[in-house]
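The residues making up each chain are set out below.
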Amino acid sequence: MEQLDSILEGINNREEKSWKQLYAICYKNLCVYAENIINNQEDARDIIQELFINIWYAETRFPTSLELLGYLYKSTRRNSLIFIRNKRYREKILRQIRDEEKNLNDFLQKVICSDVYTLLYTRITQLPPMQRKIIELSITGLSGKEIANTLGISVNTVKVQKSRGIKYLRKYLKNE
């Protein structure tokens, strides 16, 4: 406290030498205090640096060294709490941005899938009737044997027609 008393007049008169002494006397303790509040050493240092800069430019005068110390510690606490609040707010915004990007990606993926399905079904309708029916039944999950039984044709015919239909679809979908 005596150290501060001896430099208080210089601090109030903005003498650089006195401010350097104030910094040397108080910086580490204020950093520890801020770090205990925000749990981050680098950010605590930044808060204290900003505090000293703001006090310098504010041209605040201190009648006693006790008022100066009180001001430093109260400001450190306030600025640390503001830092925590702002950090939470930034994190919330970043989460919202990530969620919006995910939603946009999901939406775009659905649009693309929808376009692909539309294109696929458009091409399926252009297949000859037997190939179209076989492809449609295949899409529903029926096996070659089940399709053959449903349509009353041989399994080999199902394989050949399905193969031709897929070949046609690949050819035309590849170009689109």
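First, a word on scope: everything that follows refers to the structure included in this document.

### Some words on the overall build of the protein chain
Now for step 1: Of regular secondary structure, the protein chain possesses 7 helices and 0 strands.
Now for step 2: In sequence order, the protein chain lays out its α and β elements as α-α-α-α-α-α-α.
Now for step 3: Expected size for 176 residues packed as a compact globule is a radius of gyration near 16 Å; at 37 Å, the protein chain overshoots this value by more than 25%.
Now for step 4: Oriented by its inertia axes, the alpha-carbon framework of the protein chain measures out at about 105 × 30 × 20 Å.
Now for step 5: Among the 176 residues that make up the protein chain, the fraction classed as buried is 28%.
Now for step 6: Sequence separation of at least 24 residues holds for 58% of the intrachain contacts in the protein chain that already meet a minimum separation of 6.

### What about the state of the cysteines?
Now for step 1: In the structure shown here, the tally under the stated rule is 0 disulfides.
Now for step 2: Here Cys-26 stays free of any disulfide, with the sulfur of Cys-31 as its closest cysteine sulfur at 11 Å.

### Overview of the packing of helix α4 (residues 65-125) against helix α7 (residues 155-174)
Now for step 1: Here α4 crosses α7 at 130 degrees, and the two axes come no closer than 10 Å. Considering the angle they form, α4 stands oblique to α7. When the axes of α4 and α7 are compared, the crossing they make is right-handed. In contact with Leu-119, Leu-120, Arg-123 and Ile-124 of α4, α7 contributes Tyr-168, Leu-169, Tyr-172 and Leu-173.
Now for step 2: Across the contact of α4 with α7, the residue classes tally to 7 nonpolar, no polar and 1 charged.

The rules behind these values
Residues numbered from 1 in each chain as written. Predicted model: local features only at pLDDT ≥ 70, side-chain atom pairs only at ≥ 80, totals over all residues. Heavy atoms only, no water. Helix = DSSP H or I, 4+ residues; strand = E, 2+ residues; numbered from the N terminus. Rg over C-alpha atoms; globule rule 2.2 N^0.38 Å. Buried < 20%, exposed > 50% of the residue type's maximum accessible area, 1.4 Å probe, protein only. Contact = heavy atoms within 4.5 Å. Disulfide = S-S within 2.5 Å. Axes fitted to C-alpha atoms, helices over the stretch in contact; angles between N-to-C directions. Parallel < 35°, antiparallel > 145°, perpendicular 65-115°, else oblique. Left-handed = near helix turned anticlockwise from the far one by under 90°. Nonpolar A, V, L, I, M, F, W, Y, C, P; charged D, E, K, R; others polar.

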